Amino acid sequence: MKTLSAWLLMVGSVAGPTWTPRAHSEELLSFTRIPLHDQFWSEGANAGDLDRDGIPDIVAGPWWWKGPDYKVRTEYYPATTTFALKLGPSTSIQVPGFEGTLGRENRYSDNFFVWTRDFDGDQWLDILVVGFPGKETAWFQNPKGATGHWKRHVIFEQTDNESPTFLDLTGDGQPELVCITKGRYGYAGPDPKDPAKPWVFHPITPDRKYGNFTHGMGVGDVNGDGRADLLEKDGWWEQPPSLAGDPEWKFHAAPMGTGGSQMHAYDVNGDGLNDIITGLAAHGFGLAWYEQYRDNGEIRFREHILMNKEPSENRYGVKFSELHAIEVVDMDGDGLRDIVTGKRFWSHGRTGDPDRNSAAVLYWFKLVRGEGGAVDFVPYLIDNDSGVGTQVAVVDVNRDSRPDIVVGNKKGAFVHVQNRHTVSREDWLKAQPKAISAVQP
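Residues numbered from 1 in each chain as written. Predicted model: local features only at pLDDT ≥ 70, side-chain atom pairs only at ≥ 80, totals over all residues. Heavy atoms only, no water.

1. Examining the pattern of salt bridges
Moving on, step 1. Tallied over the full model, the rule gives 21 salt bridges.
Moving on, step 2. We note a salt bridge from Asp207 to Lys209, for which the minimum N-O separation is 3.2 Å.
Moving on, step 3. Given a relative accessible area of 65%, Lys209 falls into the exposed group.
Moving on, step 4. The partner of Asp295 in a salt bridge is Arg300, with the nearest N and O atoms 3.1 Å apart.
Moving on, step 5. Note on Arg300: relative accessible area 38%, which makes it partly exposed.
Moving on, step 6. Each of Arg33, Asp383, Asp385 and Lys411 takes part in one network of salt bridges that share partners. (Salt bridge = Lys/Arg side-chain N within 4 Å of Asp/Glu carboxyl O. Buried < 20%, exposed > 50% of the residue type's maximum accessible area, 1.4 Å probe, protein only.)

2. Considerations on the pairing of strand S28 (residues 362-369)
Moving on, step 1. Counting buried positions over the 8 residues of S28 gives 7, a clear majority of the element.
Moving on, step 2. For strand S27 (residues 338-342) and S28, the ladder comprises 4 bridges, and the chain directions are antiparallel. Residue pairing in the sheet places Val340 in a bridge with Trp364 of S28.
Moving on, step 3. Strand direction decides the pairing type here: S28 and strand S29 (residues 375-383), joined by 8 bridges, are antiparallel. Residue pairing in the sheet places Lys366 in a bridge with Val378 of S29. (Helix = DSSP H or I, 4+ residues; strand = E, 2+ residues; numbered from the N terminus. Pairing = 2+ DSSP bridges.)

3. Considering the packing of aromatic side chains
Moving on, step 1. Tallying each qualifying case throughout the model produces 24 aromatic pairs.
Moving on, step 2. Judged by centre distance (5.9 Å) and plane angle (45°), the rings of Trp115 and Phe166 are tilted. Here Trp115 is found in strand S11 (residues 113-117), whereas its partner Phe166 is found in strand S14 (residues 151-167), with 51 residues between them in sequence.
Moving on, step 3. When the ring of Phe156 is compared with that of Phe201, the centres are 5.9 Å apart and the planes differ by 50°; the resulting orientation is tilted. Taken together, the residues Phe156 in strand S14 and Phe201 in strand S17 (residues 200-203) connect sequence positions 45 residues apart. (Phe/Tyr/Trp six-rings, centres within 6.5 Å; stacked < 30°, edge-to-face > 60°.)

4. Details of unusual backbone geometry
Moving on, step 1. With an omega dihedral of 10°, the bond running from Gly67 to Pro68 counts as a cis peptide bond.
Moving on, step 2. Looking at where Pro68 falls in the secondary structure, it is placed in the loop between strand S7 (63-65) and strand S8 (73-75).
Moving on, step 3. Positive phi, normally seen in glycine, also occurs at Glu322, with a value near 60°.
Moving on, step 4. For Glu322, the location among the structural elements is in the loop between strand S25 (298-307) and strand S26 (326-329).
Moving on, step 5. Its identity is not glycine, yet Arg399 carries a phi of approximately 55°, on the positive side.
Moving on, step 6. On the secondary structure map, Arg399 appears in the loop between strand S30 (393-395) and strand S31 (404-409).

5. As for the layout of surface pockets
Moving on, step 1. The calculated volume of the largest pocket comes to roughly 580 Å³.
Moving on, step 2. Lining the largest pocket are 26 residues, with Trp115, Thr165, Phe166, Leu167 and Glu327 sitting closest to its centre.
Moving on, step 3. Taken together, the elements giving at least two residues each to the lining of the largest pocket come down to strand S5 (46-48), S11, S14, strand S18 (217-220), strand S22 (262-266), S26 and S30.
Moving on, step 4. Broken down by element, the residue count for the lining of the largest pocket peaks at 5 residues, all from S14. (1 Å grid on protein atoms, 1.4 Å probe; cavity = no way out; pocket = protein on both sides within 12 Å on 5 of 7 lines; lining within 4 Å. Points joined across faces, edges and corners; volume = space filled by probe spheres on them.)

Dropping the structure here:
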């Protein structure tokens, strides 16, 4: 659905609270929401060209949806889960999926994260699924157009942490599963000669008794040595020059919240030093960036709160809770990476967490740099009835060079397709947060 409240800024500049007037017409972003289903099957979703027709498809839970219209779905593992919904004293019905917002009790799915990757080298994308924290991870082998369920290969017995990721940590050009297992942070990847056999875990920390429900983790080059480091809520682990023999990485303490979401290293203010962006509490409030600075050669961080538990703590009056997933990507093509995040609705059900029954919002926060290192993140509402899960995927699903957003959660599964339009300055102003439009001529 496209409404005026969904129109989003494409261009503009800011230094502190003052926006520079532009020409008589402006380009705006909007998003068209495409609901795939309203059942709860997964906490994540993603995209990839699974049928090799040149068009990305969507995968969420036990299905993949054929692009570009997503009207045809294919079941790649059994979709047999149901729950009993009581309608009256003696009447109940069986509802497909896990008990989410269609039900009354809090339940969890067995599918928390999903990525697409060709593991067996046959030129067909397979599907990697991380299950419930503490449980196994498996990949499903693409049958290359044949019908029936995909062959499942269990490759990791215990994937802990609620923010694991699948990317190239080691710098060898191949992605690894980065996570906690049995109390330690580390990574695991496939054997290219036999990707179906269990992946070998390489620990990078001592056993600190990290639990399977630990929140907050990421990967990024903090010290600028060209090697990716491991980010976690208590600090960062420095990757050594050689990984031979699985050495223990050096820890640098730097507390960043209580553990919220994925953590990202990015040079926010353009000073040449990578900063860290993260959520502060997955089941509470808080979005922040941590500015890196040097103190006699030592790396330190300065906290900048972008949004917290009170609307007054964000100068645009925006607040929401349960920021369980964050991506950092250039949404508007201006060369700067923006923040995509939202509310993981009912992450612990209808009771328990603060503001758990508020709207399931999805936002992007536009990064704008001003003079003297000034930084602003301007919030734009994408949708108010989808939110994020434990994962939010930003992918160009229609190959128009504009990032789109894919989510799966207790509300269902959704695709948000980006549009761009040239509009009058009047309509552009109507689309801006009040803190911007109020100062414009």
